[in-house]
Structures are given as structure tokens and as C-alpha cells.
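Below, each chain spelled out in residue letters.
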Amino acid sequence: MDDENKLSNGILVADFGSQVTLLIARRLREKGIYCEVVPYNRLRDKLEAAPKGVILSGGPASIAGGNDAMPRAPERLFRENIPVLGICYGEQLLCAQLGGEVAPSHGREFGNANITVRQDSPLFDGIFAAGDSAPVWMSHGDHISQLPEGFTAIATTQDAPFAAIADESRKLYGLQFHPEVVHTPNGADILFNFATKIANASPDWTMGSFLNEATAKLREDIGGGHVIAALSGGVDSSVASVLIHKAIGDRLHCVFVDTGLLRQGEAEQITSLFQQHYDIPLIAINAQKRFLDALHNVTDPEEKRKKIGNLFIEIFEEEADKIGNIEFLAQGTLYPDVIESISPHGGPSVKIKSHHNVGGLPERMNLKLIEPLRSLFKDEVRSLGAELGLPEAFLKRHPFPGPGLAVRIPGEVTIEKLEILRQADDIFIRALHEHGLYDDIWQAFAALLPVRAVGVMGDARSYQYACALRAVASSDGMTAAVSDLPGEFLNEVATRIVNQVDGINRVLYDFTSKPPGTIEWE
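1. A closer look at the overall build of the chain
Here comes step 1: Of the regular secondary structure elements, the chain holds 15 helices and 18 strands.
Here comes step 2: Seen along its three principal axes, the alpha-carbon backbone of the chain occupies a region of about 75 × 65 × 40 Å.
Here comes step 3: Across the 522 residues of the chain, 59% fall into the buried class.
Here comes step 4: A sequence separation of at least 24 residues applies to 75% of the contacts in the chain between residues at least 6 apart.
Here comes step 5: With an accessible surface of roughly 21200 Å², the chain has 47% of that area assigned to carbon and sulfur atoms.
Here comes step 6: Both charge centroids of the chain, one from 48 positive and one from 69 negative side chains, sit 2 Å from each other.

2. Observations concerning the packing of aromatic side chains
Here comes step 1: Tallied over the entire structure, the rule returns 9 aromatic pairs.
Here comes step 2: Look at phenylalanine 428 and phenylalanine 489: their rings are 6.5 Å apart centre to centre, the planes differ by 40°, and that puts the pair in the tilted class. Here the residue phenylalanine 428 occupies a position in helix H14 (residues 415-434), and phenylalanine 489 occupies one in helix H15 (residues 487-500), the gap between them amounting to 61 residues. Accessibility classification places phenylalanine 428 together with phenylalanine 489 in one group, the buried group.
Here comes step 3: Each residue in the set Phe16, Tyr40 and Tyr89 is aromatic and connected to the rest through ring pairs, giving one cluster.

3. Notes on the packing of helix H7 (residues 235-248) against helix H12 (residues 378-388)
Here comes step 1: One can describe the packing of H7 onto H12 by two numbers: an axis separation of 10 Å at closest approach and a directional angle of 45°. The angle between H7 and H12 places the two elements in the oblique class. Pair H7 / H12 crosses with left-handed handedness. Only Lys378, Val381, Arg382, Leu384, Gly385 and Leu388 of H12 make contact with H7, whose side of the interface consists of Val235, Asp236, Val239, Val242, Leu243 and Lys246.

4. Quick word on the nonpolar core
Here comes step 1: One finds Leu43, Leu56, Leu77, Val239, Leu373 and Leu384 to be the most contacted residues of the largest nonpolar core, which totals 70 residues.
Here comes step 2: In terms of residue count, the dominant contributor to this core is H7 (8 residues).
Here comes step 3: In terms of nonpolar packing, the next biggest core, distinct from the first, is built from 51 residues, Val257, Leu329, Ile504 and Tyr509 among them.

5. Describing empty space enclosed by the protein
Here comes step 1: Counted by the stated rule, this structure contains 3 cavities of 30 Å³ or more.
Here comes step 2: The volume enclosed by the second largest cavity comes to roughly 60 Å³.
Here comes step 3: Every residue along the wall of the second largest cavity is listed here: Ser232, Gly233, Gly234, Leu262, Arg263, Glu266, Ile270, Arg397, His398 and Phe400.
Here comes step 4: Taken together, the residues of the lining of the second largest cavity sort by class into 3 nonpolar, 4 polar and 3 charged.

6. Remarks on the environment of arginine 44
Here comes step 1: Take arginine 44: it is sitting in helix H3 (residues 43-46).
Here comes step 2: Once the C-alpha coordinates of arginine 44 and glycine 58 are considered, the two residues, 14 residues apart in sequence, prove to be 18 Å apart.

7. Regarding the side chain of threonine 184
Here comes step 1: Locating threonine 184 in the fold gives a position in the loop between strand S9 (172-175) and helix H5 (187-198).
Here comes step 2: A polar contact of 3.0 Å, which involves the side chain of threonine 184, links it to the backbone nitrogen of tryptophan 137.
Here comes step 3: Those residues in contact with threonine 184, other than ones at most four positions away along the chain, are Pro135, Val136, Trp137, Phe177, His178 and Pro179.

8. As for helix H8 (residues 266-277)
Here comes step 1: When the terminal C-alpha atoms of H8 are compared, their 17 Å separation across 12 residues agrees well with the 16 Å that a helix rising 1.5 Å per residue should span.
Here comes step 2: All of the buried residues along H8 are Glu266, Ala267, Ile270, Thr271, Leu273 and Phe274. Projected down its long axis, H8 shows its buried positions confined to an angular sector of 165°, all on one face. Exposed positions of H8 whose direction lies more than 90 degrees from the buried face are Glu268, Gln275 and Gln276.

9. So, the sheet that holds strand S10 (residues 226-230)
Each strand in a sheet pairs with another by means of backbone hydrogen bonds, the pair being arranged parallel or else antiparallel.
Here comes step 1: Taken in spatial order, the 5 strands of this open sheet run S12-S11-S10-S13-S14, and their pairing is parallel. Single-partner strands in this sheet number two, and they are strand S12 (282-286) and strand S14 (368-370). Shown here is a sheet whose adjacent strand axes are inclined to one another by a mean of 30°, direction ignored.
Here comes step 2: Summarising the sheet, strand S11 (residues 252-258) and S12 pair through 5 bridges and their orientation is parallel. Bridged to cysteine 254 within S12 is leucine 282.

10. Remarks on the pattern of salt bridges
Here comes step 1: The full count for this structure, using the stated rule, is 28 salt bridges.
Here comes step 2: When the shortest N-O distance is used, the salt bridge between glutamate 371 and arginine 374 registers 2.5 Å.
Here comes step 3: Of the residues examined, glutamate 371 reaches a relative accessible area of 17% and is grouped as buried.
Here comes step 4: Taking the relative accessible area as the measure of exposure, arginine 374 reaches 26% and is therefore partly exposed.
Here comes step 5: The network of salt bridges with common partners includes Arg26, Arg27, Glu30 and Asp379.

11. Overview of H15
Here comes step 1: Between the first and last C-alpha of H15 there are 20 Å, a value that for 14 residues agrees with the 20 Å anticipated at 1.5 Å per step.
Here comes step 2: Within the sequence span of H15, burial applies to Phe489, Leu490, Val493, Ala494 and Ile497. Looking down the long axis of H15, one finds its buried residues gathered within 130° of arc, a one-sided arrangement. Across H15 from its buried face, at more than 90 degrees, point the exposed residues Gly487, Glu488, Asn491 and Asn499.
Here comes step 3: Looking at the buried positions of H15, the neighbouring elements they touch are H14, strand S16 (460-473) and strand S18 (504-509).

Thresholds applied
Residues numbered from 1 in each chain as written. Predicted model: local features only at pLDDT ≥ 70, side-chain atom pairs only at ≥ 80, totals over all residues. Heavy atoms only, no water. Helix = DSSP H or I, 4+ residues; strand = E, 2+ residues; numbered from the N terminus. Buried < 20%, exposed > 50% of the residue type's maximum accessible area, 1.4 Å probe, protein only. Contact = heavy atoms within 4.5 Å. Areas by Shrake-Rupley, 256 points an atom, 1.4 Å probe, with all protein chains shown as cover. Lys, Arg positive; Asp, Glu negative; His and termini not counted. Charge placed at Lys NZ, Arg CZ, Asp CG, Glu CD. Phe/Tyr/Trp six-rings, centres within 6.5 Å; stacked < 30°, edge-to-face > 60°. Axes fitted to C-alpha atoms, helices over the stretch in contact; angles between N-to-C directions. Parallel < 35°, antiparallel > 145°, perpendicular 65-115°, else oblique. Left-handed = near helix turned anticlockwise from the far one by under 90°. Core = buried A, V, L, I, M, F, W, Y, C linked by side-chain atoms within 4.5 Å. 1 Å grid on protein atoms, 1.4 Å probe; cavity = no way out; pocket = protein on both sides within 12 Å on 5 of 7 lines; lining within 4 Å. Points joined across faces, edges and corners; volume = space filled by probe spheres on them. Nonpolar A, V, L, I, M, F, W, Y, C, P; charged D, E, K, R; others polar. Polar contact = N/O pair within 3.5 Å; in protein donor to acceptor, adjacent residues only side chain to side chain. Expected span 1.5 Å × (residues − 1). Arc of directions from axis to C-beta. Pairing = 2+ DSSP bridges. Salt bridge = Lys/Arg side-chain N within 4 Å of Asp/Glu carboxyl O.

Laid out in C-alpha cells, this is it:
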């Protein structure tokens, strides 16, 4: 089924630049609703697919005071009787384009708030009734000062008299708060109500249907060509490789590159696991010296990622020439990788950092990219892997960045630092397994800090590196909270690292959530 046919029973999300726009799609897909995200300036064309409903996302722009230069929705949207839900900027835009007014707020409302429901609405059906109070998450600087004709306020907060609005007769709705983030506990249910009870979309999209659609699309896109796949051994590249193999069989050639930036024993584990479980040719390349030479004296995180990305492409193109008849390069790029590097559809989202397989790629490549997981989140990839029959040894592995330990060593990467970090990281991960904590954590690792600390070891002065342990809880990698590891456990791990790793005399625990931090250190 092509995207246009799927959209005729799905929801279209117009991206106005919010960093959490993709979570709207995620929340709906979790509940079986097909959902597609497009930049706001492609919304007009996409309406040809006749989506069941349209959601206007939040964004960094301001439409206060009738700013005509700011991003807008096509007027056609409001003429075709399509149900619309505006979120944050999307709500303000909805009001401004339909005759209401938006003004700057005296104080920005950011963080947790409580709404009071003023009247019953299909948007809140089965969730809230008139008079109920509920927590939500706000992030806005402007506010609606006057509603358009036909709209009423269906929920308010102390600082937002139009926290939720509706024109029930035209099926137009607006929310000043963000239902897509986990900080709004009932937010996913509100989105589901819009999709099913207002827009009449059917919750029949499954990972099984995605598998069938993705397989068919790969066959169509690749045709009779051959593909070289970048296999790291992680969940993403493994699932991508097995999916492509299902689609085109032995025209897939997997390449594993040992960059010298991998964890303890990882190269051996990956080649062994993959060769044991799959009848897919695997080419293993030792490129440790090339990567370390490329990173010599490099300290800037963006430069690291770009050098690593460029070198990966060089190696894959070299291998493609050796194999012959290779047209495509496959990667396990995910939605969170894309949104942090570039807007996934050419939209206005702000770049956070380059990923070696997205923003770090060279502008000109000899191979065409195939990225079958580009629209999925990590847990969706694991679900797809289960559909494909991948063993749990692959599916339960924590995410590991393509640039490897290079982004866990702020500053210059050296052989000495890599060896020290491998030992510390291995102690931490093994301890998590021993204590039955590994599967409860989204991602855990050690980072080697670019500072040395004075210590006392064996009654003698030491002057060695400090390392930071990091463990986070997340569902999609877009946001993350610190894992609440027991103090006794952390003390045990710190003691093991200091005693067993020559080069570290101090261990810290990173308590930073995402945002404001990112999960990785660089």
C-alpha cells in the first residue's frame, strides 16, 4: 500500500519546527494509527491524499501581532472540512488564520501546569469531564488574546484561559499544552480521541503491516540492484540488514568495520553472533589505524562525527568496488538520529548535532542511500526485529553510537584513552548484568573525562583520569531521565573501576536528563 492510500485512513502531521513533533506520530502509531509527518510547506500538496485529519505541531516561531512572515497552514486546509488539531504554535496559528488574535505573553509558561476542564468534548471523551483537573506540560511564550468566531474554551489553566479550544461543528481543536510528551499523562489518549472519535481514523496499523509495506517498498526502490549494508552489530543495523535480506535475498552484502572505537570484545561478538544466526555474507574489515589516524589531534565533536562519517563512506565505497555491481548503501538510521541532525523532511527543526550516518555524511557519494528504518523509533525497531525473528541477544542490546567510543571521550581520542575506557565500561556493563539491572535501562555506559584528578592510592599520590557513569531511562531516545541506580551498586562499580583500571582514580555519576543534556557526551 502506498503512502497516499495509507493516509486516507491516517493522520497527517504538519511540522512547524518543534523538537517533539515526531512524538506526535509516535504516540499515534503506538495506538495503531497510521501517521505521517511532513514539513508545513508541503502540507498543501499532501492534502491530495485526503487524510482523515491534520495535526499542526508546535514550533519556535511567533505569530503574535499578525506576523505575516511566520510559517502558516494553507488556507485550503480550512475549506475542505478536514478535522484539525493545533498544538501550541499550531493552536495559535489556527486562531490567527481564522480571525482570532495572538499576543506576546508577559511571562513564558514553561513546564508542568494543571488544566481545568470547562466543558465536555469528544477530545476529552472517556478521559476528562467538565470540572476535572489534570496535569499537562506547557512550553509557550505567546498566548491567544481573542478566539475566532465559533470557538469556545474547553479547558483553562491559571495562566492560559484558552488552554484547550474547540469549534465542535467544524471539528477544529486547539491545545496550548503538548499532549505528545510523557509529562502530559493523558496526552496520548487525547491524540487518540482526535484521530478516532473526531477524524474517524481506524487503529489498524501494526508492525506486521509495516514489515509487509517496507519489504514491498525496498523491492520497488532497489529493483534488480545490489546493496552493501553497514553492519555495526547493534539493533538498528541488524534489523535493517535482515529486513533488506528478506526483500532482496543474496543481493545484500553486509560489511562490518572494526573502527578501533568499539567496546571490549565487541568485534568478535558481533561477527560471531551474526554468522551463527544468519545465512548472510559478512565482510569484516579491520580499519582501526585509518580511523585513529583520521581522529589524530581532533577535539571538536562535530569534526569527529564528520571525519568518522566520511571514512565510513570511503570504506564502503571501496568494498562496493571490490564486490562490483553495488548501487546502494544501507544504514540503520532512525527517527531520533534524523531529528537531532537535520529536519527529517526538510522542515524547520533546529539541528542539535550531526550523527555520523545522517548529518555527518559527505555531500557527494557514489552510492545511493537506503534507510528502511528512518521513520521508526528504537522500540519500534525492536518490535520489527521480533517480527523478523531476530534473537533476543540482538534485540536487548543497549543503543551504541556509530562513532563509538569517540563520542564518549571528550577531547582527542587516543589508543591509551580507548583502552582505559573499554575496561571501565566493561566493568559497568558486566555489573549491570550481574545485578539484573541491564534490561531495565535504556542505555548505560562510561565516559572518560578530559580531566585528571589527584588521588591517594596505596599511600601514594596518583594523578589520573576521572570517568563518568551514565544510565538513562527512555522510551524513544528523544527524551531521557536518569536511571535511579542504587547507591550501593554505584559504590561497588566505582570501587571495581578504581581498583582494576590503571588510569582512573575517580568515578562520577551523571545525573543530567535529556533535555537539557543529550544521552551521549558528544
